[in-house]
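# Overview (structure and organization)
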Amino acid sequence: MQTTSPPTPPWYRQVSRTQWKSFFAAWIGYVLDGFDFVLITLVLTEISDEFGLSTVQAASLISGAFITRWLGGAVLGAIGDRYGRKLSMVLSILLYSVGTFACGFAWNYHSLFAARLAIGMGMAGEYSASATYVMESWPAALRSRASGFLISGFSVGSVLAAQVYDWVVPSLGWRWMFYLGLIPIAIALWMRRALPEAEEWTESVAEKGAKPNPFRPLFVTRGRATVNTVLVVVATVSLFLVFTPGGAGMVPVLSVVAGLSLAAFAVQLGGKRGWPLYLSMIVTLFFAFLYSWPIQALLPTYLKTELGYSTGQVTDVLYFAGFGTMAGCWAAGFLGDRIGAKKAYALTLLASLAFVYPVFAVQNNLLLLGILLFLLQATSFGISGLLPRYIGGHFPTASRGAALGFTYNVGALGGAVAPVLGAHLASGMDLGQALAVLTFAGTVIVVVLVGFDVPARLNRLTDPDSTPDHLAVVTAEKPVRADR
């Protein structure tokens, strides 16, 4: 008598109730990320009026969060590697909440800037902690979906911020936007209080009694520890001066100093075998931010100044963009699980090139512009929903949190450079043309880097036995070498 195997349940039933709960506890953190990014841009004029800020000071409140992101991502990621993903998630959201609370009670520019530094550290830690937690908790075959669904929270937060702004600020003022931001933070903390630890981290690290220390290469000798402590200060101060009025006239030199300092950390953290992977991953992520953030940061300016759109029309267009990104994140998850994260990332980005120039060719048709922008954001910014899956697969469990947190948030400096570079290009051409050129060129570079698997190929030159995809491996991993 022939027996048949039971039918495979639909994918959403392969995820347990606890895993879904874990996902939503992490997803709220990404909602806060998107909410904060749009929030600070929306209330910038009100803050400038109250504190009497110059244009440069106001802009520095946006870029200020980038100063501490690299440090927050690395430190909180390392805590997750050593003590567990859950603790890192809780600490990240607590630090984020302190920054948000302080923003609401800020009394001048300096106090608000300090609060933005705390938010930057918490935001960076949130990305690495939540991404590693969810992917290490979900079934291996569904981890691209976990990644894409998780990142969609950013778009939800951005759309939510725009709507809340219309309801709150005209009647209650800008501070209430930050006060209300504490509500989802409280919900996230409440949901995270009873979460189980990530399964893969538990099996690979905790149950073996391992105490990984991703920062060990930085402190192996007293001399190296001293040098690296100085480098932390140099990198932080350089970035501070780059993104504030204090560095006026010295930005190119300070940028090189900061870049070399961060590259020195990458080489040491990667070790003899892994340093090409760390450096190439940072470069890939830098260009990923460089192609996507000019539109995120300068699209409202383009719509207002060059197309003459009203505030209401700009809001409508931003809704198209936000929902396009959200849909792209969801689709990226399914496509990544079907054909692989790297292939899905490269092919979808390649398709996005068809929409870049048409978006900036539309002049007086809001509906057509909205549709084209929806498609561009879905295939361009939306595909970045695969980034946690893409990055995490390159690193073993014992160092994944710190590696993902460090490489992603150093690469995120491309997001701070993008608006400045876009504005610089606009001095010699229309702003729309400048945004199109920057987006197109950056996308082509990322397609090449990801499509030809450059980080992994470079890694195999120094580490021929490296695992192709650590997140596809659900069994115990090999011991971490001392030089990694």
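Since the model is a prediction, treat every value here as computed from it, not as a measurement.

## A closer look at the overall build of the protein
- Within the protein, the regular secondary structure consists of 18 helices and 0 strands.
- The C-alpha radius of gyration of the protein comes to 22 Å, within 12% of the 23 Å expected for a compact globule of 484 residues.
- Dimensions of the protein, computed from C-alpha atoms along their principal axes, come out at roughly 70 × 70 × 45 Å.
- Relative to its 484 residues, the protein shows a buried fraction of 55%.
- Within the protein, counting contacts between residues at least 6 apart in sequence, those at least 24 apart form 82% of the total.
- Total accessible area on the protein stands at roughly 20000 Å², and carbon and sulfur atoms take up 68% of it.

## Quick look at the packing of aromatic side chains
- Taken as a whole and assessed by the stated rule, the structure comprises 30 aromatic pairs.
- The interplanar angle of 25° and the centroid separation of 6.0 Å between the aromatic rings of Trp 20 and Phe 24 together place this pair among those described as stacked. Residue Trp 20 and its partner Phe 24 are both found in helix 1 (residues 17-42); the two are separated by 4 residues, about one turn of the helix.
- Their ring planes at 85° and their centres at 5.5 Å tell us that Phe 113 and Phe 240 sit as a pair that is edge-to-face.

## Brief notes about unusual backbone geometry
- One non-glycine residue, Asp 453, lies in positive phi territory at about 55°.
- With respect to the helices and strands, Asp 453 occurs in the loop between helix 17 (431-451) and helix 18 (454-462).
- Among the residues examined, Asp 453 registers a relative accessible area of 16% and is labelled buried.

## Topic: helix 9 (residues 222-242)
- Spanning 21 residues, helix 9 covers 30 Å between terminal C-alpha atoms, matching the ideal 30 Å at 1.5 Å per step.
- Taken residue by residue, helix 9 has Ala 225, Asn 228, Leu 231, Ala 235, Ser 238, Leu 239 and Val 242 as its buried positions. The arc enclosing the buried residues of helix 9, seen along the axis, measures out at 155°, which places them on a common side.
- Buried residues belonging to helix 9 abut helix 3 (55-83), helix 10 (251-305) and helix 16 (413-425).

## Considerations on the environment of Phe 219
- Position of Phe 219 relative to the elements: it lies in the loop between helix 8 (199-204) and helix 9.
- Residue classification places Phe 219 among the partly exposed positions, given a relative accessible area of 46%.
- Along the sequence, Phe 219 and Arg 82 sit 137 residues apart, while their C-alpha atoms lie 16 Å from each other.
- Not counting residues up to four positions away in its chain, the partners in contact with Phe 219 are Ala 225 and Thr 229.

## Brief notes about the packing of helix 10 against helix 11 (residues 311-339)
- At a minimum axis distance of 10 Å, the contact between helix 10 and helix 11 shows a crossing angle of 140°. It follows that helix 10 is oblique to helix 11 by the angle criterion. Where helix 10 crosses over helix 11, the handedness of that crossing is right-handed. Listed contacts from helix 11 to Leu 299, Pro 300, Leu 303 and Lys 304 of helix 10 are Val 314, Val 317 and Leu 318.

## A look at the environment of Asn 409
- Position of Asn 409 among the secondary structure elements: in helix 15 (residues 397-411).
- Apart from residues no more than four positions distant in its own chain, Asn 409 is found in contact with Arg 69, Trp 70, Gly 73, Ala 124 and Leu 404.
- A polar side-chain atom of Asn 409 sits 2.9 Å from a polar atom in the side chain of Arg 69.
- One polar contact links the side chain of Asn 409 to the main-chain carbonyl oxygen of Gly 405, over a distance of 2.7 Å.

## Notes on empty space enclosed by the protein
- Under the counting rule described, the total for this entry stands at 4 cavities of 30 Å³ or more.
- The calculated volume of the largest cavity comes to roughly 340 Å³.
- At the level of secondary structure, the elements contributing two or more residues to the lining of the largest cavity comprise helix 1, helix 3, helix 5 (109-137), helix 6 (143-172), helix 10 and helix 11.
- When its residues are assigned to classes, the lining of the largest cavity shows 19 nonpolar, 4 polar and 4 charged.
- There is about 70 Å³ of room inside the second largest cavity.
- Considering the residues around the second largest cavity, the lining is formed by Leu 32, Phe 35, Asp 36, Leu 39, Tyr 96, Thr 100, Ile 119, Met 177, Phe 178, Gly 181 and Ile 185.

## Remarks on the pattern of salt bridges
- Tallying each qualifying case throughout the model produces 11 salt bridges.
- The residue Arg 116 makes a salt bridge to Asp 36 at a minimum N-O spacing of 3.0 Å. Of this pair, Arg 116 sits in helix 5 while Asp 36 sits in helix 1, and the two are 80 residues apart along the sequence. As far as the burial class goes, Arg 116 and Asp 36 line up, both buried.
- For the salt bridge of Asp 81 with Arg 85, the shortest nitrogen-to-oxygen distance reads 2.6 Å. For the pair Asp 81 and Arg 85, a shared accessibility class is recorded, and that class is buried.
- The network of salt bridges with common partners includes Asp 81, Arg 85, Glu 136, Arg 143, Glu 200 and Arg 400.

## Concerning the nonpolar core
- In terms of nonpolar packing, the biggest core is built from 114 residues, with Val 43, Ile 47, Met 177, Tyr 345, Ile 391 and Phe 406 touching the most fellow members.
- Broken down by element, this core gets its largest block of residues, 16 residues, from helix 10.
- In contact with Ile 47, other than residues within four places in its own chain, are Ile 40, Gly 52, Leu 53, Leu 61, Leu 112 and Trp 174.
- The next biggest cluster of nonpolar side chains, apart from the first, holds 21 residues, and it includes Ile 295, Val 356, Val 359 and Leu 435.

## Looking at the side chain of Gln 377
- Here Gln 377 is to be found in helix 13 (residues 366-379).
- Setting aside chain neighbours within four positions, we find Gln 377 in contact with Ile 295, Gln 296, Ala 321, Gly 324, Thr 325 and Gly 382.

## Observations regarding a nonpolar patch on the surface
- A cluster of nonpolar side chains, namely Tyr 83, Leu 87, Leu 91 and Leu 94, defines an oily patch on the protein surface of about 330 Å² accessible area.
- When residues in the nonpolar patch are grouped by element, the largest group, 3 residues, is from helix 4 (residues 85-104).
- Topologically, Leu 91 is positioned in helix 4.
- Residue class for Leu 91 comes out partly exposed when judged on its relative accessible area of 32%.

The rules behind these values
Residues numbered from 1 in each chain as written. Predicted model: local features only at pLDDT ≥ 70, side-chain atom pairs only at ≥ 80, totals over all residues. Heavy atoms only, no water. Helix = DSSP H or I, 4+ residues; strand = E, 2+ residues; numbered from the N terminus. Rg over C-alpha atoms; globule rule 2.2 N^0.38 Å. Buried < 20%, exposed > 50% of the residue type's maximum accessible area, 1.4 Å probe, protein only. Contact = heavy atoms within 4.5 Å. Areas by Shrake-Rupley, 256 points an atom, 1.4 Å probe, with all protein chains shown as cover. Phe/Tyr/Trp six-rings, centres within 6.5 Å; stacked < 30°, edge-to-face > 60°. Expected span 1.5 Å × (residues − 1). Arc of directions from axis to C-beta. Axes fitted to C-alpha atoms, helices over the stretch in contact; angles between N-to-C directions. Parallel < 35°, antiparallel > 145°, perpendicular 65-115°, else oblique. Left-handed = near helix turned anticlockwise from the far one by under 90°. Polar contact = N/O pair within 3.5 Å; in protein donor to acceptor, adjacent residues only side chain to side chain. 1 Å grid on protein atoms, 1.4 Å probe; cavity = no way out; pocket = protein on both sides within 12 Å on 5 of 7 lines; lining within 4 Å. Points joined across faces, edges and corners; volume = space filled by probe spheres on them. Nonpolar A, V, L, I, M, F, W, Y, C, P; charged D, E, K, R; others polar. Salt bridge = Lys/Arg side-chain N within 4 Å of Asp/Glu carboxyl O. Core = buried A, V, L, I, M, F, W, Y, C linked by side-chain atoms within 4.5 Å. Patch = residues over 30% accessible without salt bridge, like charges linked within 9 Å, V, L, I, M, F, W, Y side chains within 5 Å.

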